[in-house]
Amino acid sequence: MKKHVSAIFVAVSFILYFIYFSSRYTLAYPPGQSACLNASFFLIDKWDIDIEQGDLAYFEMNVENQFYPTGLRWIKKVAALPNSVVSVEENKVVVDNLTEFSLSLRHIITALNLADNSIGEIEDYTKVIQLENDEVFMIGETINSFDGRFWGPLKKEQIKGTAYAIF
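From a predicted model like this one, the values you see are computed outputs, not experimental measurements. (Residues numbered from 1 in each chain as written. Predicted model: local features only at pLDDT ≥ 70, side-chain atom pairs only at ≥ 80, totals over all residues. Heavy atoms only, no water.)

Assigned secondary structure in the chain consists of 3 helices and 11 strands. Taking the principal axes of its C-alpha atoms as reference, the chain extends roughly 75 × 35 × 25 Å. Partitioning the intrachain contacts of the chain with sequence separation of at least 6 by distance along the chain shows that 59% fall at a separation of at least 24. Accessible area of the chain: about 9700 Å², with a carbon and sulfur share of 56%. Between the averaged position of the 14 positive side-chain charges in the chain and that of its 21 negative side-chain charges there is a distance of 13 Å. (Helix = DSSP H or I, 4+ residues; strand = E, 2+ residues; numbered from the N terminus. Contact = heavy atoms within 4.5 Å. Areas by Shrake-Rupley, 256 points an atom, 1.4 Å probe, with all protein chains shown as cover. Lys, Arg positive; Asp, Glu negative; His and termini not counted. Charge placed at Lys NZ, Arg CZ, Asp CG, Glu CD.)

So, about the side chain of Thr-162. Note on placement: Thr-162 falls in strand β11 (residues 159-165). Taking the relative accessible area as the measure of exposure, Thr-162 reaches 4% and is therefore buried. (Buried < 20%, exposed > 50% of the residue type's maximum accessible area, 1.4 Å probe, protein only.)

This part takes up unusual backbone geometry. Positive phi is not limited to glycine here, since Asn-83 has a value of about 70°. Its location among the elements puts Asn-83 in the loop between β4 (73-80) and β5 (85-88). Phi is positive for Asn-97, which is not a glycine, with a value near 55°. Tracing the backbone shows Asn-97 in the loop between β6 (92-95) and β7 (99-102). According to the relative accessible area criterion, Asn-97 is exposed, its value standing at 72%.

Okay, structure coming up:
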């Protein structure tokens with residue numbers, strides 16, 4: 001009986017750890033047609049929604065837009081936190097006149113316009129946005145990213161976790 005106690009203890013410990021891990025974390029990868037981040041596989045901490053600028057965040061898209069249906073889950077980089085001023089320009093996104101993210105609108109707009117999926121002109125997306133105290137602005141890392149430049153800010157409550165690039 002004593003030798004079974006150790007095995008039972010190990011089995012119960014393993015099960016409890018698995019329950020904890022699976023309730024807190026999930027693994028994610030972008031769909032094949034999506035290449036908006038410089039990683040292919042992510043660990044999502046669903047309990048950590050305290051994001052900072054530059055973090056990768058896992059969120060639910062609930063902003064009505066012409067590109068994707070609402071309710072999809074996404075991973076993007078946090079470019080701006082509440083109360084920031086975001087300037088979307090042709091070749092960059094600038095936050096509070098301090099932080100600059102090099103992203104060009106030209107590639108994605110040109111590609112879609114050539115494919116008869118016209119989404120407008122660059123001027124339609126260049127703007128200055130004052131974020132509210134419950135809004136964040138998300139961006140991708142590649143030229144193929146649909147992000148806040150196209151659909152605007154998200155409510156902070158849409159953040160469902162912090163993402164960590166694995167590879």
